[in-house]
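# Examination of the molecular architecture
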Amino acid sequence: VLKHRNLRPLFHYSPQENWMNDPNGMVYYDGVYHLFYQYYPDGTNWGPMHWAHTVSTDLFHWEDKGIALYPDDMGYIFSGSAVVDKNNTAGFKSNDNDPLVAIFTHHKSNNGLQTQSLAYSTDKGETWTKYEGNPVLENPGIVDFRDPKVIWHEPTQKWIMTLAVLDHVSFYSSPNLIDWHLESEFGAGRGAQGGVWECPDLFPLQVEGSDEIKWVLLVSINPGGPNGGSATQYFIGSFDGTTFTSENNEIKWVDNGIDNYAGVTWSNISEKDGRRIFLGWMSNWIYAGATPTEGWRGEMTIPLELKLIQKNDQYLLAFEAVAELNNLMSDDDVLIIDTPQKSIELENNSIVEYGSYWAEIEMETENINDFEIKTGNGLESIFIRFDKVNSTLSIDRSECGISDFDQLFKKEIKCDIQPSEGKIVLDLIVDQSSLEILINGGEKVMTVLFFSEYKYNSFSISGSSNNSFIKYFKINSIQKSVN
Ligand code: FRU
């Protein structure tokens, strides 16, 4: 008997009702992770944007706080960031708490004019007041001028705002978050240029295994992604408080799947443990308004911890599920196969049918040409295929169940991959209607949504060779109620 699938994720953030896009204002303060997001409270499609607010102490259990910022005379509330103003540079402090300051884009709906504005909270993020001197950065005559991401730059003792401006980013500096001065621009003619640049982020990151620090610049682009539609690229280089210099010699993507957009990182986690934690909107502008959920639309990726690694003389970002996810792993609902196998076949499996799980698969690729991972229910399935000759990992959603709402959604999604030391290690993180694949320790990521009418209950791995290439397999259900 086929059981109907509930498309709502269990451990990824999704709004209880109505439309959500970009994560905004991500800031950690006093033990709490704050997440705001682009929200339209009157429907399941994009509309006049608000900032909705939700909070968590573990990045997985969220408590909704309602709407923090409503549209006003200056426009809709578009994407932006938030910081802790420890030195009270903006002068908003009124009690013992450090002021939290949000820096966001005001988007005027009649003429599309975009300016940057502030709002602040003196009660640890509970309530927000818009600054009476808004906007703090006027529009210089460029339509696409948005998504400010602000950091405190310790060496120069200044705030730095990275702003997306059509086909590049502009860096502004300020002593007080109110008066901004243009320092430099980066990007025209650099990186992917198939669409408008949006939602940048700039931050330092220590190279793993060394004390070297590099600067990372994330830039979302819509369209122009590697598999069509919207996607996020990154540059690695240096930043001296004025100028960003990129060392990239090729385009690097945060995610080589298709459903990870507008992602940025939390500010002020240095107060806790100094991790650099990323969160993206798990959709694609090409079909974001057509996905088949009812009453709500939009979900975030899992929070991912960023590492900067060195490989073949190149610097790369590696993405790991944040350690907090381990606390949601069920102790009982787990299956491990640690003797080498030619294939794995799980039929009517309760973990697969539960629909939220983490599968770890280690495969030896020396003596094979391909493999196929398939999960489905007999009527509907999704396929992950490795092709060694072409060095690709691909995902096929064309038969996943509900895929007719968009042509791009049905197209095969491809990523170049190389085995590492003769092996491919895949972590598959599945949550009802999403699949995040971390390849070889997160050196590449592929995130996709998939929708079906019925629950999937089978999971198989096979290949055309007769080798016992599957060295290790583990599937573990992820249960949000377990703390
Ligand atoms: C990115 C984006 C941002 C903008 C927001 C509007 O997805 O287009 O550039 O601020 O969404 O909702």
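No experiment lies behind these values; they were computed from the predicted model shown.

With that settled, consider the UniProt feature "domain: Glycosyl hydrolase family 32 C-terminal" (unreviewed entry) in the protein chain. As annotated in UniProt, the feature "domain: Glycosyl hydrolase family 32 C-terminal" (unreviewed entry) corresponds to residues 348–467 in the numbering used here. Secondary structure across residues 348–467 divides into 8% helix and 48% strand, with the first and last C-alpha atoms of the span separated by 26 Å.

Turning our eyes to something else, we now look at the sheet that holds strand S3 (residues 50–56). The mixed open sheet is built from five strands, whose spatial order is S4-S3-S2-S1-S20. With partners counted over all chains shown, the strands left at the sheet margins are strand S4 (63–69) and strand S20 (296–297), one partner each. Pairing analysis gives five bridges linking S3 to S4, with the strands arranged antiparallel. Of the residues in S4, the one forming a bridge with Trp-51 is Leu-69.

Turning our eyes to something else, we now look at the site of the ligand. Around the ligand, the surrounding shell holds 13 residues, and the nearest of these are Asp-22, Gln-38, Arg-146, Asp-147 and Trp-285. Contact distances for the ligand include 2.7 Å between an oxygen atom and a side-chain N or O atom of Asp-22. The contact in question runs from an oxygen atom of the ligand to an N or O atom on the side chain of Glu-198, over 2.9 Å. Contributions of two or more residues to the shell around the ligand are made by strand S1 (18–29), strand S5 (76–84), strand S9 (145–153) and strand S13 (196–206). Across the shell around the ligand, the residue classes tally to six nonpolar, three polar and four charged.

A separate point is the sheet that holds strand S7 (residues 114–121). Judged by pairing direction, the sheet is antiparallel, and its four strands sit side by side in the order S5-S6-S7-S8 without closing on themselves. Whereas interior strands pair on both sides, the edge strands pair on one side only; in this sheet they are S5 and strand S8 (129–130). Sheet topology note: the S7/S8 ladder contains two bridges and is antiparallel. Directly across from Ala-119, in S8, lies its bridge partner Lys-130.

Aromatic ring pairs are reported here in terms of the distance separating the ring centres and the angle at which the planes meet. Across all of its chains, the model carries 35 aromatic pairs by this definition. Seen in terms of ring centroids, Phe-450 and Tyr-456 are 5.5 Å apart; in terms of plane orientation they differ by 25°. Their pairing is stacked. Exposure remark for Phe-450: the relative accessible area of 3% places this residue in the buried category. Residue Tyr-456 is classed as buried on the basis of its relative accessible area of 3%. Following the ring pairs from residue to residue traces out a cluster consisting of Tyr-13, Tyr-28, Tyr-33, Tyr-37, Tyr-39, Trp-62 and Trp-266.

Now for unusual backbone geometry. Residue Pro-135 is reached from Asn-134 by a cis peptide bond, and omega for that bond is -5°. Topologically, Pro-135 is positioned in the loop between S8 and S9. For the bond running from Asn-222 to Pro-223, omega is -10°, close enough to zero to count as cis. Residue Leu-59 is not a glycine yet carries a positive backbone phi of 70°. Within the element layout of this structure, Leu-59 appears in the loop between S3 and S4. Residue Leu-177 is not a glycine yet carries a positive backbone phi of 70°. Tracing the backbone shows Leu-177 in the loop between strand S11 (168–174) and strand S12 (181–186). Exposure remark for Leu-177: the relative accessible area of 0% places this residue in the buried category.

A few words now on the pattern of salt bridges. Tallied over the entire structure, the rule returns 24 salt bridges. A salt bridge links Asp-259 to Arg-397; the nearest nitrogen and oxygen atoms lie 2.9 Å apart. Here Asp-259, found in the loop between strand S17 (252–253) and strand S18 (261–265), pairs with Arg-397, found in the loop between strand S28 (392–396) and helix H2 (407–410); they are 138 residues apart in sequence, far enough to count as distant. By the burial criterion, Asp-259 is buried, and Arg-397 matches it.

A few words now on the nonpolar core. One finds Trp-266, Leu-325 and Ile-429 to be the most contacted residues of the largest nonpolar core, which totals 58 residues. It is strand S22 (residues 314–321) that provides the largest number of residues to this core, a total of six residues. Other than its neighbours up to four places away in sequence, Ile-429 contacts Phe-11, Ile-302, Ala-321, Leu-325, Tyr-357, Trp-358, Ser-434, Leu-435, Glu-436, Leu-438 and Ile-478.

Let's shift gears to the pairing of strand S27 (residues 381–387). Moving residue by residue along a regular strand, the side chains alternate between the two faces of the sheet. In terms of burial, S27 is a largely internal element, five of the seven residues being buried. Bridging between strand S26 (residues 370–376) and S27 involves seven bridges; their strand directions are antiparallel. Counterpart to Glu-372 in the pairing with S27 is Arg-385. The turn joining S26 and S27, which pair antiparallel and follow one another in sequence, is formed by four residues; a positive phi near 100° is taken by Gly-378. Relative to S28, S27 runs antiparallel, the two sharing five bridges. Bridge pairing links Asp-387 to Thr-392 in S28. Between S27 and S28, which pair antiparallel and follow one another directly, the connecting turn spans four residues, one of which, Ser-391, has a positive phi of 50°.

Calculation criteria
- Residue numbers here run from 1 along each chain, matching the order of that chain's written sequence.
- At least 70 in pLDDT is required for a residue's local features to be given in this predicted model, at least 80 for side-chain atom pairs to be given and counted, and no such filter applies to totals for whole chains, interfaces and linings, which use all residues.
- Hydrogens and water molecules were not included; the side-chain quantities draw on all heavy atoms of the structure.
- UniProt positions are given in the numbering used here, feature names are shortened, and annotations may be inferred rather than shown by experiment.
- Runs of E in the DSSP output that reach at least two residues are strands. Runs of H or I that reach at least four are helices, and both are numbered from the N terminus.
- Any two strands with at least two DSSP-identified bridges between them are counted as paired.
- We define proximity as follows: a residue is near a molecule or strand when any one of its heavy atoms falls within 4 Å of that partner.
- Definition of a polar contact: a pair of N or O atoms within 3.5 Å, with one able to donate and the other able to accept a hydrogen when the atoms are protein atoms, and with sequence-neighbouring residues admitted only if both atoms are side-chain atoms.
- Polar here means any residue other than Ala, Val, Leu, Ile, Met, Phe, Trp, Tyr, Cys and Pro, which are nonpolar, and Asp, Glu, Lys and Arg, which are charged; Gly is therefore polar.
- For Phe, Tyr and Trp, where Trp contributes only its six-membered ring, two rings pair if their centres lie within 6.5 Å, and the inter-plane angle classes them as stacked under 30 degrees, edge-to-face over 60, or tilted in between.
- Each residue's exposure class comes from its accessible area (1.4 Å probe, protein chains only) as a fraction of the maximum for that residue type: buried when under 20%, exposed when over 50%, partly exposed otherwise.
- By definition, a salt bridge exists where a carboxyl oxygen of Asp or Glu is found within 4 Å of a side-chain nitrogen of Lys or Arg.
- Residues grouped as a nonpolar core are buried Ala, Val, Leu, Ile, Met, Phe, Trp, Tyr and Cys residues, joined through side-chain atoms within 4.5 Å.
- In what follows, a contact means two residues having at least one pair of non-hydrogen atoms within 4.5 Å.

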